[in-house]
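Okay, here's what each chain looks like letter by letter:
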Amino acid sequence: MKSHALPILPRKNRRRRLFAAAIFSTLAAGCGDVGEGLPGATGPGAATTLSGWRVDPQGDLNAFFDCLDDNGAALVSAHRGGPYPGFPENALETIAEILKQAPALIEIDVATSSDGVLFLMHDDTLERTTTGSGEARAMTWAEISKLRLKDNDGARTAFHPPAFADVLAFTKDRTILQIDFKRSTRFEDVVNEVKRQGAGDRVIYIAYGFAAARKLHRLHPEAMISLSLDAGSELNRAVAAGIPADRLIGFTGTEDVRPRLFSILSDRDVEVIFGTLGGSRSIDREIARTGDNARYATIAGQGVDIIATDRPAAAHKALARAGRAPAAGQCGIEGA
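Residues numbered from 1 in each chain as written. Predicted model: local features only at pLDDT ≥ 70, side-chain atom pairs only at ≥ 80, totals over all residues. Heavy atoms only, no water.

Asks: Would you mind going over the pattern of salt bridges with me for this structure?
Replies: A side chain with one charge can pair with a side chain of the opposite charge if their charged atoms come near. Inspection of every chain in the model, using the stated rule, returns 12 salt bridges. Note that K100 is salt-bridged to E97, the shortest N-O span being 3.6 Å. In this pair, K100 and E97 are both assigned in helix α3 (residues 92-101), 3 residues apart and thus about one turn of the helix distant. Assessed through its relative accessible area of 7%, E97 is described here as buried. D246 is the partner of R247 in a salt bridge, and the nearest nitrogen-oxygen pair spans 3.7 Å. Relative accessible area serves as the criterion here: at 16%, R247 is assigned to the buried category. Overlapping salt bridges, with partners in common, bring together R80, E89, D123 and R128 in one network. (Salt bridge = Lys/Arg side-chain N within 4 Å of Asp/Glu carboxyl O. Helix = DSSP H or I, 4+ residues; strand = E, 2+ residues; numbered from the N terminus. Buried < 20%, exposed > 50% of the residue type's maximum accessible area, 1.4 Å probe, protein only.)

Asks: Just to check I follow, could you spell out the nonpolar core for this structure?
Replies: The tendency in soluble globular proteins is for nonpolar side chains to be buried as a group. I108, F164, I179, V190, V194 and Y205 are the most contacted members of the largest nonpolar core, which has 63 residues in total. Not counting chain neighbours up to four residues away, the residues in contact with F164 comprise I108, V110, L118, F119, L120, I179, V190, E193 and V194. Counting residues in each nonpolar core, the second largest holds 20 residues, with F64, I273, A308 and C331 among its members. (Core = buried A, V, L, I, M, F, W, Y, C linked by side-chain atoms within 4.5 Å. Contact = heavy atoms within 4.5 Å.)

Asks: Explain the packing of helix α10 (residues 283-290) against helix α11 (residues 294-301) here, please?
Replies: The relative placement of two packed helices comes down to the angle between their axes together with the axis-to-axis distance. In contact at an axis separation of 9 Å, α10 and α11 are set at 140° when each is read in the N-to-C sense. The angle between α10 and α11 places the two elements in the oblique class. Residue-level contacts link I283, D284, E286 and I287 of α10 to R295, Y296 and I299 of α11. Here the residues of the contact of α10 with α11 sort into 4 nonpolar, no polar and 3 charged. (Axes fitted to C-alpha atoms, helices over the stretch in contact; angles between N-to-C directions. Parallel < 35°, antiparallel > 145°, perpendicular 65-115°, else oblique. Nonpolar A, V, L, I, M, F, W, Y, C, P; charged D, E, K, R; others polar.)

Asks: Even after reading the chapter, I still don't get α10, so can you show me in this structure?
Replies: An α-helical turn contains 3.6 residues, so any two residues separated by three or four positions project in the same direction. All of the buried residues along α10 are I283, D284 and I287. Buried positions in α10, seen along its axis, are confined to an arc of 105° and lie on one side of it. Where α10 is buried, its residues touch β9 (271-275), α11 and β10 (306-309). Immediately beyond the C-terminal end of α10, within one or two residues, lies G291, with a positive phi of roughly 75°. (Arc of directions from axis to C-beta.)

Asks: Would you mind going over the pairing of strand β3 (residues 105-112) with me for this structure?
Replies: Note on strand geometry: in a regular strand, side chains alternate between the two faces of the sheet. Counting buried positions along β3 gives 8 out of 8 residues, so the element sits mostly inside the fold. Bridge analysis of strand β2 (residues 75-78) against β3 gives 2 bridges, and the strand direction is parallel. Note on β3: the bridge partner recorded for S77 is L105. Relative to strand β5 (residues 177-181), β3 is paired through 5 bridges, and the arrangement is parallel. The residue of β5 that forms the bridge with I106 is L177. Sheet topology note: the β3/strand β4 (residues 118-120) ladder contains 3 bridges and is antiparallel. Looking at β4, one finds that A111 is bridged to F119. The turn linking β3 back onto β4 is made up of 5 residues, and G116 within it adopts a positive phi angle of 85°. (Pairing = 2+ DSSP bridges.)

Below you can see the structure in the form of structure tokens.
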């Protein structure tokens with residue numbers, strides 16, 4: 001099919017990193033099955049083998065993002081794992097399904113049970129997303145793991161809340177996780193599990209504020225951190241606090257597309273995330289209402305490396321149509 005790519009605007013002024021030839025010999029073996037070994041998989045789409053995309057940074061997230069940048073490609077990040085009807089948020093089965101449709105980064109929320117088990121859950125309480133009730137942090141993992149998850153329409157599914165350790169293991173060689181810490185969760189516990197599984201090169205920690213970013217960098221200096229950056233001065237402040245620019249990913253909001261800010265961050269080797277997600281006034285909702293999916297590609301063309309979205313499949317398709325999505329076999333990505 002003929003490409004209708006948008007003109008590629010000047011982007012990062014950074015050194016080029018080349019992946020070793022071993023990366024491509026590994027990729028030449030093909031995509032494989034994304035869903036093998038899916039813990040407790042039951043119900044729709046939960047077959048033991050699910051073919052799909054793989055997003056594998058091959059041990060160097062900076063090199064991975066630089067490679068995408070050199071190719072004018074942007075990625076989508078699936079908010080809360082990419083839920084849609086029949087597939088609930090923060091579910092392992094939903095992650096597997098999204099990876100069948102797009103080479104997506106996966107954003108997840110990590111909570112902690114009363115007996116110290118890390119698991120995926122966004123809300124402080126259980127009613128909206130599960131068949132349970134009450135505060136999630138007041139329940140043991142044995143109790144939480146027996147609950148059924150609900151999708152965004154409130155329909156009960158066959159799926160259960162997953163343990164963070166299982167999700168981290170399942171996504172090895174498959175995708176990059178963006179980890180949002182809930183109030184019940186200590187940074188140390190998540191970092192320890194990431195280190196235990198040797199997963200530091202395939203996670204991005206989300207920090208709300210400079211103090212959190214400094215602590216995460218101290219706990220795991222090699223890891224990348226997503227930090228809200230509204231101006232170049234905020235990047236300077238983060239670097240002055242001891243966080244190297246090439247360990248940062250700049251979250252630039254959900255409302256105003258700001259190419260000048262994107263350019264400032266890019267010139268400092270900072271990846272740019274822009275969120276189309278959110279409530280009733282989100283860009284995702286507007287695009288869904290108008291049918292103007294090409295807007296995702298327009299946003300990427302203004303200097304965005306990662307689009308955080310509630311519509312990852314639609315956003316990826318729009319990027320692909322415009323020639324702005326990574327191709328299979330490119331930069332450690334293999335596709336269905």
